[in-house]
2 protein chains.
Amino acid sequence: MATKRRNIIVGQSGGPTSVINSSLAGVYKTAKERGFHKVYGMLHGIQGFLDEQYVDLSTQIHSDMDIELLKRTPSAFLGSCRFKLPEIHENPDIYEKIFNILDKLEIEAFIYIGGNDSMDTIKKLSDYAIIKGHEQKFLGVPKTIDNDLALTDHTPGFGSAAKYIAASTKEVIRDALGLSYNKENITILEIMGRNAGWLTGASALARTEECSGPDLIYLPEITFDIDRFLKKVKELVHKKKNVVIAVSEGIKLEDGRYVCELSGGADYVDAFGHKQLQGTAAYLAGYLGAKLGCKTRGIEFSTLQRSASHMASRTDIDEAFMVGGAAVKAADEGDTGKMVVIDRVSDDPYMSAAGIYDVHRIANNEKLVPRDWVNKEGNYVTEEFIDYVKPLIQGDYQPFMVNGLPQHLVLKKK
Amino acid sequence: MATKRRNIIVGQSGGPTSVINSSLAGVYKTAKERGFHKVYGMLHGIQGFLDEQYVDLSTQIHSDMDIELLKRTPSAFLGSCRFKLPEIHENPDIYEKIFNILDKLEIEAFIYIGGNDSMDTIKKLSDYAIIKGHEQKFLGVPKTIDNDLALTDHTPGFGSAAKYIAASTKEVIRDALGLSYNKENITILEIMGRNAGWLTGASALARTEECSGPDLIYLPEITFDIDRFLKKVKELVHKKKNVVIAVSEGIKLEDGRYVCELSGGADYVDAFGHKQLQGTAAYLAGYLGAKLGCKTRGIEFSTLQRSASHMASRTDIDEAFMVGGAAVKAADEGDTGKMVVIDRVSDDPYMSAAGIYDVHRIANNEKLVPRDWVNKEGNYVTEEFIDYVKPLIQGDYQPFMVNGLPQHLVLKKK
């Protein structure tokens, strides 16, 4: 009788990042090195898996060159999903179906790359396996530009988004400064982060020896007081003409309303019940323009902040690869129901290593920017914040340029 | 008696580009090589010059390394302006003032880097000099991301903006595709170009071997029919789920209204009387969302498309440098009232050279995308269009990365 094949399956879930495929590359390479037979990729995460949508990754990745190209490809190579598994007691059939497919594919380990919501999937599947006596191992690999996962020093994807935001902020500031001569000019940058201000705070990295950086930074952790905001901007714009303000898409008034709701714009709620936010910068630009009578411009970094892999951080890509590989190693060594985390071993020089935590301790806890990493006035981040983020944006992977544009590895469907 | 000193002054005007400083570098380097004594830079163009705001560029540029850094710095290093000289007969005093300052600084040549409006300045100043018997030479160096200058094959700044747009479009498409599973999803990209659709058309370069590119492209040259648009998008989104549409900020309805005016958004008119346009993508995203009931997202590339020098085209940077140098050469050889242009010498392999034209033939003529470079339906560009743009986005200048971010050369004020 043939021995059971050691296969592994990997999926990607939640919002994309510039480096989520570097984790996929890490899973693939490490699985091959550790003697796994087939490495399957589920298409569009657990949602596609339930429709038996998967590929054998050896039909997609043919060389080390492909691995390198995958590391430089933004967004989920395998496709992502926003799909929340029901509680086990609510719908045992769906779990039975998942484990039937896993058995059919002779899967030994299931690796899921995602954020808070994805770790919930790992928790439920590993719990179910233990309850029912299934032998598959379930491991989570962190991923989110928002950096809001607890227990890990930071999340893969955050550093590259932070780098893109800081680099773009520098360029936008040059643009605004070059144009204005004795004229008041306000630029408002809208940055992702519903509840956590890590990315918005990262705009402070644009403050360098040759750039003053943003003048004001408003995080969602701090209640937004529009009157104080107006007063502060008015003071500043009289003093220095050119004012650049970074705001989180998630800033909220004391009454709980999002600032972007003041414009009466359309609301959209995603599958996890999260309200989709857009239009904060546009609203504030209109508001300040009307109140102060000067030129204003709202700029949303939009999905580019999570997909501009041409400006990814080498540290981030390497760490994303590392945690992908570490998840395979952990599964291979018998771990289950765990998420790989990044531990900061040293600040100067910066060093990090993969650690591992029980996924029950992680899921659905949002890590916010601590109050003492924001200044007293609540309109800028502190040096501690900057020192924390700075190592994470260092180094580059040159994109592979083909016909003048960054090349990506994309899924070949049969 | 000392011989008269041969000094030169250079200024930058109008909207910034990623490569306007490469032209400045070309002016500086060539002026030094040709034995000019001092190279002055006027601050904020002719407007700052009238306030006697200028610098000796040797206090700013100390090495070949600085020249290279300047080539990688977006937006106007010297500051720009939007300032229209009056007709000579309307205000002769302003002309007398300009020539007094030029005489005081012993200026032999006046180089102005700018777009249509800037060439008007060169025309007026050279006309005035000839009428009044002044000996200074006035030369224009083209610059505009919009590519709407006549007589030059293309304008410096266009290629880099086109490259940024195409690269970002590829990344945004990866992002949108990765997320959507069996769900309809529409992304609308808003691209600069008030009257000319060159940049919006350049989004078609994102159609590569691994990317389908935008599905529909709407240029301002073609009247926008919102009913036909809705019908077309409805068809497409049922067929392929994920639809990406590139629109110019300047698309207009048959009655002459801009699409962005339909939202009732604020109007802003700049110093040249140009209406500032913003919100086209946001309006159309809301419109399609309401009509088709699917997820939509509007993305404005905003000022990043003209300031993202980290994604500049090597061809563009080199040509910008070349036309800066060619203007100095022309002035040195006695030309005046001329603009340097780029002639396309060969398509394959692509080769270009600097040519020169009388500025009277150029100013205030906008070059639009020819109708036969847009398909019959008016919703995509043709192969001829793509073949024209493709050589202009080739090659890179690696940014000089310092502490993880692209470094810029910035003006040191005393």
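Remember, it's a predicted structure, so these values are computed and weren't measured experimentally.

(A) Examining the overall build of chain A more closely. Of regular secondary structure, chain A possesses 12 helices and 15 strands. Whereas a compact globule of 414 residues would reach a radius of gyration of roughly 22 Å, chain A reaches 22 Å, a difference of no more than 12%. The principal-axis extents of the C-alpha atoms in chain A amount to approximately 85 × 45 × 40 Å. Taking all 414 residues of chain A together, 57% fall into the buried category.

(B) Quick peek at unusual backbone geometry. That bond from aspartate 348 of chain A to proline 349 of chain A is cis: its omega, 5 degrees, falls within 30 degrees of zero. Here serine 302 of chain A, not a glycine, exhibits a phi torsion of approximately 50 degrees, which is positive. Look at serine 302 of chain A and you get buried, because 25 C-beta atoms sit within 10 Å. Not every positive phi belongs to a glycine, and histidine 44 of chain B is a case in point at roughly 55 degrees. Residue histidine 44 of chain B is classed as buried on the basis of its C-beta count, with 27 C-beta atoms lying within 10 Å.

(C) Broad picture of the relation of the copies chain A and chain B. With an RMSD of 0.0 Å, the operation that places chain A on chain B is a rotation of 180 degrees combined with a shift of 0.0 Å along the axis. With respect to symmetry, the two chain copies, as superposed, fit the operation of a two-fold axis. Distance from the rotation axis, computed per C-alpha, reaches its smallest value in chain A at glutamate 300 of chain A: 3.7 Å. Comparing contact sets, 93% of the residues at the interface of chain A also lie at the interface in chain B, consistent with an isologous, same-surface contact.

(D) The arrangement of the environment of glutamate 384 of chain B in detail. Residue and element names in this part refer to chain B. Mapped onto the elements, glutamate 384 comes out in helix 12 (residues 383-389). Judged by the 11 C-beta atoms lying within 10 Å of it, glutamate 384 is exposed. Separated by 158 residues in the primary sequence, glutamate 384 and isoleucine 226 place their C-alpha atoms 27 Å from one another.

(E) Up close: the sheet that holds strand 13 (residues 350-358) of chain B. Residue and element names in this part refer to chain B. One open sheet holds the seven strands; their spatial order is 3-2-1-4-5-12-13, and the pairing between them is mixed. The strands lining the two open edges of the sheet, one partner per strand, are strand 3 (54-56) and strand 13. When strand polarity is set aside, the average angle formed by the axes of neighbouring strands in this sheet is 25 degrees. Its contacts with the sheet place helix 1 (residues 20-33) against strand 1 (7-12), strand 2 (39-42), strand 4 (107-114) and strand 5 (137-142), and it is angled at close to 175 degrees to strand 1. This element, helix 11 (residues 314-332), spans strand 1, strand 4, strand 5, strand 12 (338-347) and strand 13 of the sheet and lies at about 165 degrees to strand 5.

(F) Focus on the domain arrangement of chain A. All names here are of chain A. What the domain assignment reports for chain A is domain 1 (7-145 + 309-361 + 395-406) and domain 2 (158-307). Each of domain 1 and domain 2 was reduced to a C-alpha centroid, and the two centroids are 33 Å apart. Facing the 18 residues of domain 1 at the interface are 15 residues of domain 2. Split into classes, the residues belonging to the side of domain 1 that touches domain 2 amount to seven nonpolar, seven polar and four charged.

(G) Just helix 1 of chain B, in detail. Residues and elements named next belong to chain B. End to end, helix 1 covers 20 Å across 14 residues, agreeing with the expected 20 Å (1.5 Å per residue, within 8%). Within helix 1, 11 of the 14 residues are buried, which leaves it mostly tucked inside the rest of the structure. Here helix 1 has its buried residues at Ile20, Asn21, Ser22, Ser23, Leu24, Ala25, Gly26, Val27, Tyr28, Thr30 and Ala31. Buried residues along helix 1 sit in contact with strand 1, strand 2, helix 3 (64-71), strand 4, strand 5 and helix 11. Two residues or fewer past helix 1, glycine 35 is found with a positive phi of approximately 85 degrees.

(H) Region of the structure containing the interface of chain A and chain B. Taken together, the contact between chain A and chain B spans 56 residues of the former and 53 residues of the latter. Broken down by element, the residue count for the side of chain A that touches chain B peaks at 12 residues, all from helix 6 (residues 158-179) of chain A. For the side of chain A that touches chain B, the class distribution of residues is 22 nonpolar, 24 polar and 10 charged.

(I) Broad picture of the packing of helix 1 of chain B against helix 3 of chain B. All names here are of chain B. Helix 3 packs onto helix 1 with a crossing angle of 150 degrees between their chain directions and a minimal axis gap of 7 Å. Taken together, the axes of helix 1 and helix 3 lie roughly antiparallel to each other. Residues Asn21, Ser22, Leu24, Ala25 and Lys29 of helix 1 form the contact with helix 3, whose participating residues are Ile67, Leu70 and Lys71. When grouped by side-chain class, the residues that make up the contact of helix 1 with helix 3 number four nonpolar, two polar and two charged.

(J) Focus on the sheet that holds strand 13 (residues 350-358) of chain A. Residues and elements named next belong to chain A. Strand order across the open sheet formed by seven strands is 3-2-1-4-5-12-13, with mixed pairing between neighbours. Across the chains shown, the open sheet's two edge strands, defined by having one partner strand only, are strand 3 (54-56) and strand 13. Within this sheet the neighbouring strands show an average axis-to-axis angle of 25 degrees, counted without direction. Pairing analysis gives three bridges linking strand 1 (residues 7-12) to strand 2 (residues 39-42), with the strands arranged parallel. Paired with isoleucine 9 across the bridge in strand 2 is tyrosine 40. Against the sheet, helix 11 (residues 314-332) touches strand 1, strand 4 (107-114), strand 5 (137-142), strand 12 (338-347) and strand 13, its axis set at about 165 degrees to strand 5.

(K) Main features of the pairing of strand 6 (residues 185-191) of chain B. Residue and element names in this part refer to chain B. Counting buried residues in strand 6 gives six out of seven residues, a clear majority hidden from the surface. Bridge count between strand 6 and strand 8 (residues 242-248): seven bridges; the pairing is parallel. Each bridged residue has a counterpart across the sheet, and for isoleucine 186 the counterpart in strand 8 is valine 243. Pairing of strand 6 with strand 11 (residues 295-300) involves six bridges; the strand directions are parallel. Residue glutamate 190 lies in a different strand from strand 11, and its bridge partner there is glutamate 300.

(L) Quick peek at helix 11 of chain A. Helix length check: helix 11 of chain A, at 19 residues, gives a terminal C-alpha distance of 27 Å against a target of 27 Å (1.5 Å per residue), a fit within 8%. Of all 19 residues in helix 11 of chain A, 15 are buried, a share of seventy percent or more.

(M) Quick look at the environment of phenylalanine 229 of chain B. All names here are of chain B. The topology assignment puts phenylalanine 229 in helix 8 (residues 226-240). The exposure class of phenylalanine 229 is buried, given the 21 C-beta atoms found within 10 Å. Sequence separation of phenylalanine 229 and arginine 6 is 223 residues, and the distance between their C-alpha atoms is 59 Å.

(N) Seen up close, the pairing of strand 4 of chain B. Residues and elements named next belong to chain B. Counting buried residues along strand 4, eight of its eight residues qualify, which places the element largely inside the surrounding structure. Sheet topology note: the strand 1/strand 4 ladder contains six bridges and is parallel. What sits directly across from glycine 11, in strand 4, is tyrosine 112. Where strand 4 and strand 5 come together, six bridges link them in parallel fashion. Among the inter-strand pairings, glycine 114 is bridged to a residue of strand 5, identified as proline 142. What joins strand 4 to strand 5 is helix 5 (residues 116-132), and the crossover it makes is right-handed.

(O) Fine view of the packing of helix 1 (residues 20-33) of chain A against helix 11 of chain A. Residue and element names in this part refer to chain A. Orientation of helix 1 relative to helix 11, taken along the N-to-C sense of each, is 40 degrees, at an axis distance of 7 Å. Comparing the axis directions of helix 1 and helix 11 gives the class oblique. Both helix 1 and helix 11 take part in a crossing whose hand is right-handed. Together, Ser22, Ser23, Leu24, Ala25, Gly26, Val27, Lys29, Thr30 and Ala31 of helix 1 and Ile317, Ala320, Phe321, Met322, Val323, Gly324, Gly325, Ala327, Val328 and Lys329 of helix 11 make up the contact between the two elements. Counted by class, the contact of helix 1 with helix 11 contains 11 nonpolar, six polar and two charged residues.

Thresholds, definitions, all that
- Within each chain, residue numbers correspond to sequence positions counted from 1 in written order.
- As a convention, the first chain written is A and the first ligand written is 1, with the rest following in written order.
- Restriction of local features to residues with pLDDT of at least 70 applies here, the model being predicted, together with a cutoff of 80 or more for giving and counting side-chain atom pairs; totals for whole chains, interfaces and linings are based on all residues.
- Note on conventions: DSSP H or I runs of at least 4 residues are helices, E runs of at least 2 residues are strands, and numbering of each starts at the N terminus.
- Radius of gyration here uses only the C-alpha atoms, and the compact-globule reference equals 2.2 Å multiplied by the residue count raised to the power 0.38.
- Partly exposed residues are those whose C-beta has more than 12 but fewer than 20 other C-beta atoms within 10 Å; with 20 or more the residue is buried, with 12 or fewer it is exposed, and the C-beta atoms are placed from the backbone.
- Least squares is the method used to superpose the copies, on C-alpha atoms of residues holding a pLDDT of at least 70 in both.
- Contact between two residues is assigned whenever their backbone-derived C-beta positions fall within 7 Å.
- Whether two strands pair comes down to DSSP finding at least two bridges between them.
- To get an axis, fit a line to the C-alpha atoms, keeping to the stretch in contact for a helix; angles then go from 0 to 180 degrees between the N-to-C directions.
- Note that the domain bounds reflect an automated or database-derived domain assignment.
- All residues other than Ala, Val, Leu, Ile, Met, Phe, Trp, Tyr, Cys, Pro, Asp, Glu, Lys and Arg, Gly among them, are scored as polar; the first ten of these are nonpolar and the last four charged.
- Helices are assigned an expected span. That span is 1.5 Å times one less than the residue count.
- Small angles under 35 degrees read as roughly parallel and large ones over 145 as roughly antiparallel, with 65 to 115 read as roughly perpendicular and the rest as oblique.
- Seen with its strands pointing away from the viewer, a crossover is right-handed when the path leading from the first strand over the helix to the second is clockwise.
- We call a crossing left-handed when the near helix sits turned anticlockwise from the far one by less than a right angle, and right-handed when that turn is clockwise.

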